[in-house]
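Listed below, chain by chain, are the residues.
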Amino acid sequence: MAEELQAGRVPDWVGGTAPDQWTALVSHCTLARNLSDFAFPSRCGEEERHAIEARALDAFERINLFGSGRYHASAHMDGLAWQFLGERRIASREMLQGPPIRGVYLADGQDFGIMVNGSDHIVLRALAGGMALRDAWTRANTVDDGLASLLGFAWQERLGYLTSRLGMVGTGLRASVLLHLPAINLLGAVEDAAARIRHRGVELFGVAGAGYGATDASFWSGDAPPPGLPPEAANEAPGLQCLLTDLEGAVCTAPKSAVGNLYLLVNQETLGVSEEEILFRVGHAAVEISQEEERSCALLMKRGALDIEDRAARAMAVARGARLLGFGEALELLSALRLGAALGLARGLSPHKLTEALLSAQASHLVLGRGAGSDPRSLAIERAKLFRETFSA
Amino acid sequence: MLCQRCHKNPATVRYAEVVDGKSVHQDLCAECLSRCKQDLSSVFTLGTAKPAVRGGPAPQRTVRRSRRVCPVCGTALERVAETAEVGCSACYTEFGQEIESVLEGLHRTLRHQGKAPRLDNSIARLCSDLQTKRVLLRSVLRAEDYEQAARLRDEIRGLESGLRLTEAGTD
């Protein structure tokens, strides 16, 4: 399974991040489409799902997608493989536990995927490193045009593309940017930033983590969780220590509950606005928030550069020396290192390296990519080893 | 669009309230909306006049629950209103008015402004129809529904000859 999914390969979009782009990690464009002559997946029987999958695969073949990627059918995938595709930001959350006869086309570069029989019949997802919505959109749009000529998508002149969720009808497009905003968060200004862009139909959500903080419930005796870990960590599912994706681009939560200072900027309206306008609105808001993050960084440096440097240096020391590392702690370390590096206080780090470490620290990456056991303690040991290797001088 | 209060469920309603003289809008899911209403009613309990003061007991209000379902996919209108999710393309026509009222809460305008699918490739459409019918034929044969299978076989023959003619026309 690890070979089929190319678990050891770094997705192309990670390398595509500009060396000075510390705030934006990745841009996503997601397009939801349905075939006009079938009920939507939630109301489809097994035979219909087979027919939809066969038609989709035939269309993929005709537009030559299999020259640069392959289809992973649910019949040949276990939970870990689904989680891996979720961690790679290709398969959204509902694909992980959907009904049978579903699958994902994954491009060789792992920066493009198509979900079949998920929330909608066809969901295209393109990824681009950093703030590059236009690049992601161009790729998603090209494949969408190719498929539209073959598949006959459900479409009305008044309402546009018909989707299973009323929140996606119209363009069926979710454009989002994953942002790292530690300085705005430290200054307690995230809610204000979110409020400033809301009226433009763009929302700033916190990114939710699954299995956040879990190190090893069984290792710590007694009912109380280990010091420094949230109480719920003791009850977390051991396998799910990752950042999953959704149609929006990430599984979202309230800004105050964001993990690792990670936030998702995403369009909320899909009807009555064109694709170009959506890309402009989200892109413009992303630039504005990035500039605000830069101003907040400058303010933090003025107030206490030594504190930020201390935080980054401590994070580096833990990354180089830890023997057990929970997912939540790993996210916090990566955030401190990213902030330190962005301000020139931590050397030898690039956005590319930190994003790669963020992907690799997730549970199924450790299991499939590095052969770790799937229990929380084995994951914590392997994650600490990964950090020592990545950040050793 | 996600609910701006719980950030989990899809927002189905745009909720407005006046705070310090300013109108504040929030997009909420059904669950958070009912919670908001409860909060509001608990705030106003003391200030609300008793039914007797207002002129006798208030008339008994019966909540009408719609039992309409989509004839194509069987999705109930009530479920569409609750989840903001539909079962098939036909739901959009069947529940047109009700869906538009939900859409009004989610989007600013109800007129599509974006791209349209390119459907000008007649050969490709014939091919995909053919592929679908072939898969369906296999499944109805497995289910031993020979009447349906005969109908599909005729349709496939018709499509095959149509495809041959179209391809000959384009050569």
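Remember, it's a predicted structure, so these values are computed and weren't measured experimentally.

### Overview of the packing of helix H7 (residues 190-198) of chain A against helix H8 (residues 275-321) of chain A
Residues and elements named next belong to chain A.
Next, step 1: Two elements in contact, H7 and H8, have axes separated by 11 Å at closest approach and are oriented at 150 degrees. Between H7 and H8, the interaxial angle falls into the category roughly antiparallel. Crossing handedness for the pair H7 and H8: right-handed. Residue-level inspection shows Ala193, Arg196 and Ile197 of H7 in contact with H8, the latter providing Ala285, Glu288, Ile289 and Glu292.
Next, step 2: Grouping the constituent residues of the contact of H7 with H8 by class yields four nonpolar, no polar and three charged.

### Re unusual backbone geometry
Residue and element names in this part refer to chain A.
Next, step 1: A positive phi angle, close to 65 degrees, is found at Asn64, a residue other than glycine.
Next, step 2: Take Asn64: it is sitting in the loop between helix H2 (46-62) and strand S2 (69-73).
Next, step 3: Positioned with a positive phi, Arg89 is a non-glycine residue whose angle comes to about 70 degrees.
Next, step 4: Among the structural elements, Arg89 can be located in the loop between helix H3 (79-87) and helix H4 (93-96).

### Let's talk about the state of the cysteines
By definition, a disulfide links the sulfur atoms of two cysteines through a covalent bond.
All names here are of chain B.
Next, step 1: This model, assessed by the stated rule, comprises zero disulfides over all chains.
Next, step 2: Sulfur of Cys70: no disulfide; nearest cysteine sulfur belongs to Cys88 and is 3.7 Å away.
Next, step 3: For Cys70, a relative accessible area of 2% corresponds to the buried category.
Next, step 4: Left unpaired, Cys88 is separated from the closest cysteine sulfur, that of Cys73, by 3.6 Å.
Next, step 5: Relative accessible area serves as the criterion here: at 3%, Cys88 is assigned to the buried category.

### Brief notes about the pairing of S2 of chain A
Residue and element names in this part refer to chain A.
Next, step 1: Most of S2 sits inside the fold, with four of its five residues counted as buried.
Next, step 2: Bridging between S2 and strand S3 (residues 103-107) involves five bridges; their strand directions are antiparallel. Note that in S3 the partner of Gly69 across the bridge is Ala107.

### Some points on the pattern of salt bridges
Next, step 1: Counted by the stated rule, this structure contains 24 salt bridges over all chains.
Next, step 2: We note a salt bridge from Lys115 of chain B to Asp145 of chain A, for which the minimum N-O separation is 2.9 Å. Here Lys115 of chain B is found in the loop between helix H4 (96-106) and helix H5 (122-142), whereas its partner Asp145 of chain A is found in helix H5 (residues 133-151) on a different chain.
Next, step 3: Residue classification places Lys115 of chain B among the buried positions, given a relative accessible area of 15%.
Next, step 4: Here Asp310 of chain A and Arg314 of chain A are joined by a salt bridge, their closest N and O atoms 2.9 Å apart. Pair noted here: Asp310 of chain A and Arg314 of chain A are both in helix H8, with a separation of four residues, about one helical turn.
Next, step 5: Residue Asp310 of chain A is classed as partly exposed on the basis of its relative accessible area of 38%.
Next, step 6: Each of Arg33, Asp144 and Asp145 of chain A together with Lys115 of chain B takes part in a single network of salt bridges with overlapping partners.

Scoring rules and cut-offs
Residues numbered from 1 in each chain as written. Chains lettered and ligands numbered in written order. Predicted model: local features only at pLDDT ≥ 70, side-chain atom pairs only at ≥ 80, totals over all residues. Heavy atoms only, no water. Axes fitted to C-alpha atoms, helices over the stretch in contact; angles between N-to-C directions. Helix = DSSP H or I, 4+ residues; strand = E, 2+ residues; numbered from the N terminus. Parallel < 35°, antiparallel > 145°, perpendicular 65-115°, else oblique. Left-handed = near helix turned anticlockwise from the far one by under 90°. Contact = heavy atoms within 4.5 Å. Nonpolar A, V, L, I, M, F, W, Y, C, P; charged D, E, K, R; others polar. Disulfide = S-S within 2.5 Å. Buried < 20%, exposed > 50% of the residue type's maximum accessible area, 1.4 Å probe, protein only. Pairing = 2+ DSSP bridges. Salt bridge = Lys/Arg side-chain N within 4 Å of Asp/Glu carboxyl O.

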